[in-house]
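Spelled out from the first residue to the last, the chains are:
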Amino acid sequence: MSERRAKPVLLVTGLSGAGKSTALKTLEDIGWETVDNFPIRLVERLLETPPSTSLGDSDPPLALGFDSRTRGFEPHKLIKRVKRLQKKRDYLISTLFLDCAGGELERRYGETRRRHPLALDRPAKEGIALERTVLDPFRRWADHVIDTTDLTANDLQREIRQQFTLDKDAVTTITLTSFGFSRGIPNNIDLLFDVRFLANPFWNPELKLKTGLDAEVAEYIAKDPAYHEAIEKILDMLKFLLPRYQESGKAYVNIGIGCTGGRHRSVHVAEQLSKDLRASGFSPNVLHRNLASRPMEALESMQKLNGDRGI
């Protein structure tokens, strides 16, 4: 019988306005179960509660957010409670403290026009100073300290992902979707490429009823003088952008490839880009939204007319 792995539990605290909400949201995005401002006296009971059945068979790591506003918050008592829990082999408990310079916190409160929780009828500066004193035991005891004084929200998200992503091999999900502009643009597209400038197989009687998955259609499109250079430039852009999306923690990247009807050019280009991306080490999915749609001669004719007019 294999030994049960200790469950990671991260206590997230820090100065109000230093980024706790952003940290917890990011942890949730990377697979942690998060609970904010949970009553301290109930922590042990929470840890003993089985995971929700909606989470399947997994028991995700747990992040608990708390600060000076949390009911029952007394740093010294909480530290003693945590030390007692750390002796149990069932949990791997660590603490993250979010710090920030007082002047920057004052600026943030000034911009948001919110009142500091410990200075509802006094200047924010006084509340910040009081809270820093109250939380000092936790800052000195914390396993991880992140100073957000000079960090943007995106910077903090990146820092959280780098330090607390448990699955270091997790990659961005890439999806290439071919579609027809005549039937509307998909609403979840991050990057869109319009390939209506390529030669249209629709106007070849022998190819009209075929699709971009057929070799004859692919050969016809590839003969367009602009084809190879266009594919190369699009591929170069994707190879430049996709690693940066991965680095920034973007979970999904949806790439749209559009032509008029969504059956010929966009289908072939999506397939070709998918093949080239796989050769470059990526693992894209491919969807053809309008592959099974019937040819729409009226719309193709309208596009041809507009093209002839320079529209």
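Residues numbered from 1 in each chain as written. Predicted model: local features only at pLDDT ≥ 70, side-chain atom pairs only at ≥ 80, totals over all residues. Heavy atoms only, no water.

### Brief notes about the overall build of the protein chain
Within the protein chain, the secondary structure is distributed over 10 helices and nine strands. Split into buried and exposed, the 311 residues of the protein chain put 41% on the buried side. With an accessible surface of roughly 17,700 Å², the protein chain has 50% of that area assigned to carbon and sulfur atoms. (Helix = DSSP H or I, 4+ residues; strand = E, 2+ residues; numbered from the N terminus. Buried < 20%, exposed > 50% of the residue type's maximum accessible area, 1.4 Å probe, protein only. Areas by Shrake-Rupley, 256 points an atom, 1.4 Å probe, with all protein chains shown as cover.)

### Comments concerning the packing of aromatic side chains
Enumeration over the complete set of coordinates arrives at four aromatic pairs. Summarising the aromatic geometry, the rings of F202 and W203 are spaced 5.0 Å apart at their centres and angled 85 degrees between planes, so their arrangement reads as edge-to-face. A relative accessible area of 3% places F202 in the buried class. Connected via pairs of aromatic rings, a cluster forms that spans F66, F138 and W141. Against the face of F181 rests R196, its NZ or CZ located 3.8 Å from the ring centre. Here the guanidinium or amino end of R244 rests over the ring plane of F240, the centre of that ring lying 4.0 Å away. (Phe/Tyr/Trp six-rings, centres within 6.5 Å; stacked < 30°, edge-to-face > 60°. Lys NZ or Arg CZ within 6 Å of the ring centre and 35° of its normal.)

### Quick word on the packing of helix α1 (residues 20–29) against helix α6 (residues 153–164)
When two helices pack together, their arrangement is given by the angle between the helix axes and the distance between those axes. At their nearest, the axes of α1 and α6 sit 9 Å apart, and the two run at 50 degrees to each other. With respect to α6, the axis of α1 lies oblique. Once α1 is placed against α6, the crossing between them reads as right-handed. Packed against α1, whose contacting residues are T22, A23, T26, L27 and D29, the element α6 presents A153, L156, Q157, I160, R161 and F164 at the interface. Its residues assigned to classes, the contact of α1 with α6 comprises six nonpolar, three polar and two charged. (Axes fitted to C-alpha atoms, helices over the stretch in contact; angles between N-to-C directions. Parallel < 35°, antiparallel > 145°, perpendicular 65-115°, else oblique. Left-handed = near helix turned anticlockwise from the far one by under 90°. Contact = heavy atoms within 4.5 Å. Nonpolar A, V, L, I, M, F, W, Y, C, P; charged D, E, K, R; others polar.)

### Quick notes on the sheet that holds strand β5 (residues 144–147)
Two pairing modes exist for strands in a sheet, parallel and antiparallel, and in both the strands are linked by backbone hydrogen bonds. Pairing is parallel across the open sheet formed by five strands, whose spatial order is β2-β3-β1-β4-β5. The sheet is open, and its two edges are formed by β2 (33–36) and β5, each paired on a single side. Within this sheet the neighbouring strands show an average axis-to-axis angle of 20 degrees, counted without direction. Summarising the sheet, strand β1 (residues 7–14) and strand β4 (residues 91–99) pair through eight bridges and their orientation is parallel. Considered in β4, the bridge of V9 is made with I93. Those strands touched by α1 are β1, β2, β3 (62–65) and β4, and its axis lies near 160 degrees from that of β1. Packing against the sheet, α6 makes contact with β1, β4 and β5, and its axis sits at approximately 160 degrees to β5. (Pairing = 2+ DSSP bridges.)

### Notes on the side chain of T172
By the element assignment, T172 lies in the loop between α6 and β6 (173–180). With residues up to four places along the chain from it excluded, the contact list for T172 reads Y245, Q246, K250, A251, Y252 and V253.

### A look at the sheet that holds strand β8 (residues 252–259)
With parallel pairing, four strands are arranged side by side in an open sheet as β7-β8-β6-β9. Edge strands, defined here as strands with exactly one partner in the open sheet, are β7 (191–194) and β9 (285–288). Going from strand to strand, the sheet's axes swing by 20 degrees on average, the running direction of each strand aside. In the sheet, β6 pairs with β8 via eight bridges, with the strands oriented parallel. Within the sheet, the bridge partner assigned to F179 lies in β8 and is G258. Where helix α9 (residues 265–279) meets the sheet, its contacts fall on β6, β8 and β9, and the angle it forms with β6 comes to roughly 160 degrees.

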